[in-house]
Structure formats: structure tokens, C-alpha cells
Amino acid sequence: LASSLVLSTVSEGFCVQLLGRLCTGAGAGMLFNSAMAMVMERYQEPLRSEYLGTSLGLGTVGNLVGPPLAGYAFTLSGELDFPCPEGLAFL
């Protein structure tokens, strides 16, 4: 995931940024599935449903909060005139 972030932030062209985003999606998909497998393996049925629901709910928080924060970071980078606005991604 970190390498795809670096790939998409330092790229100049659209194709390389798209490749970085594809790598991010693939990595997140693998991470999500492995987390579900660990919960299924570790916990028995009474608690399993509760923990699966919690992990699914917390997993979607990034999808809900990410776009507004990215828009704010983009606006902030234009106002402060950063020489490298991609550096905000590493904060």
C-alpha cells in the first residue's frame, strides 16, 4: 500500500497515477480479506458476528471520511501555496 501511495504521488502522467490507484485498490482488497479471515479463524460463533460487523463498520469509516479530508487537503494546498502538495498525503 505504501509503494502505491508513493507511485501515485510522484508520478507526472495519468497512466502512472492510475496504476498507483489500481495497486492501492488491490492491496486494500487483500488486506480487507485477510482481516476477515483472521476474525473468522480466531473467534467462535457468538462473538464472531459482532466482531465481523465491527470490522466491516470500521472499514467503511475511511471511505466516508477520506473524500472530504482529501478535498480539504487539496484546498489547503492551494491556499498555502505548497511547492509539493503531494506531501500532504504523507501527513
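Quick notes on the rules
Residues numbered from 1 in each chain as written. Predicted model: local features only at pLDDT ≥ 70, side-chain atom pairs only at ≥ 80, totals over all residues. Heavy atoms only, no water. Helix = DSSP H or I, 4+ residues; strand = E, 2+ residues; numbered from the N terminus. Buried < 20%, exposed > 50% of the residue type's maximum accessible area, 1.4 Å probe, protein only. Contact = heavy atoms within 4.5 Å. Areas by Shrake-Rupley, 256 points an atom, 1.4 Å probe, with all protein chains shown as cover. Salt bridge = Lys/Arg side-chain N within 4 Å of Asp/Glu carboxyl O. Phe/Tyr/Trp six-rings, centres within 6.5 Å; stacked < 30°, edge-to-face > 60°. Lys NZ or Arg CZ within 6 Å of the ring centre and 35° of its normal. Arc of directions from axis to C-beta. Patch = residues over 30% accessible without salt bridge, like charges linked within 9 Å, V, L, I, M, F, W, Y side chains within 5 Å. Axes fitted to C-alpha atoms, helices over the stretch in contact; angles between N-to-C directions. Parallel < 35°, antiparallel > 145°, perpendicular 65-115°, else oblique. Left-handed = near helix turned anticlockwise from the far one by under 90°. Nonpolar A, V, L, I, M, F, W, Y, C, P; charged D, E, K, R; others polar. pLDDT = per-residue confidence, 0-100.

### Describing the overall build of the chain
For the chain, the helix and strand inventory stands at three helices and zero strands. Helices (α) and strands (β) of the chain occur, in sequence order from the N terminus, as α-α-α. Residues counted as buried form 13% of the 91 residues belonging to the chain. The long-range share in the chain, meaning contacts at least 24 apart out of those at least 6 apart in sequence, stands at 29%. Only carbon and sulfur atoms are counted for the fraction: they give 69% of the accessible area of the chain, which is about 7000 Å².

### Some details on the pattern of salt bridges
All chains considered together, the criterion is met by one salt bridge. Between Arg48 and Glu45 there is a salt bridge; the shortest N-O distance is 3.9 Å. Of this pair, Arg48 and Glu45 both sit in helix 3 (residues 45–80), separated by three residues, roughly a single helical turn. Given a relative accessible area of 47%, Glu45 falls into the partly exposed group.

### Side note on the packing of aromatic side chains
For the coordinates displayed, the defined rule picks out one aromatic pair. Relative to Tyr51, the ring of Tyr43 lies with its centre 4.5 Å away and its plane at 55°, an arrangement referred to as tilted. On the basis of relative accessibility, which here comes to 31%, the residue Tyr51 falls in the partly exposed class. The lysine or arginine in question, Arg42, covers the ring of Tyr43, its NZ or CZ lying 5.7 Å from the ring centre.

### Observations concerning helix 1 (residues 2–10)
Every buried residue of helix 1 is listed here: Ser4, Ser8 and Thr9. Axial view of helix 1: buried residues confined to an arc of 125°, hence all on one face. Away from its buried face, by an angle of more than 90 degrees, helix 1 presents the exposed residues Ala2, Ser3 and Val10.

### What about a nonpolar patch on the surface?
Taken together, the side chains of Leu58, Val61, Leu64, Val65 and Leu69 make up a nonpolar region of the molecular surface, amounting to roughly 490 Å² of accessible area. Locating Leu69 in the fold gives a position in helix 3.

### Topic: the packing of helix 1 against helix 2 (residues 14–42)
With their axes 8 Å apart at the nearest point, helix 1 and helix 2 run at an angle of 160° to one another. On the basis of the axis angle, helix 1 is roughly antiparallel to helix 2. Seen from above, helix 1 lies across helix 2 with left-handed handedness. Between helix 1 and helix 2, the residues in contact are Ser4, Leu5, Leu7 and Ser8 and Val16, Gln17, Leu19, Gly20, Cys23 and Thr24, respectively. Partitioned by chemical class, the residues of the contact of helix 1 with helix 2 number five nonpolar, five polar and no charged.

### Digging into the confidence of the model for the chain
Across the chain, the average pLDDT comes to 78, with 82% of residues at or above 70. The least confident element of the chain, judged by mean pLDDT, is helix 1 at 74; the most confident is helix 2 at 84.

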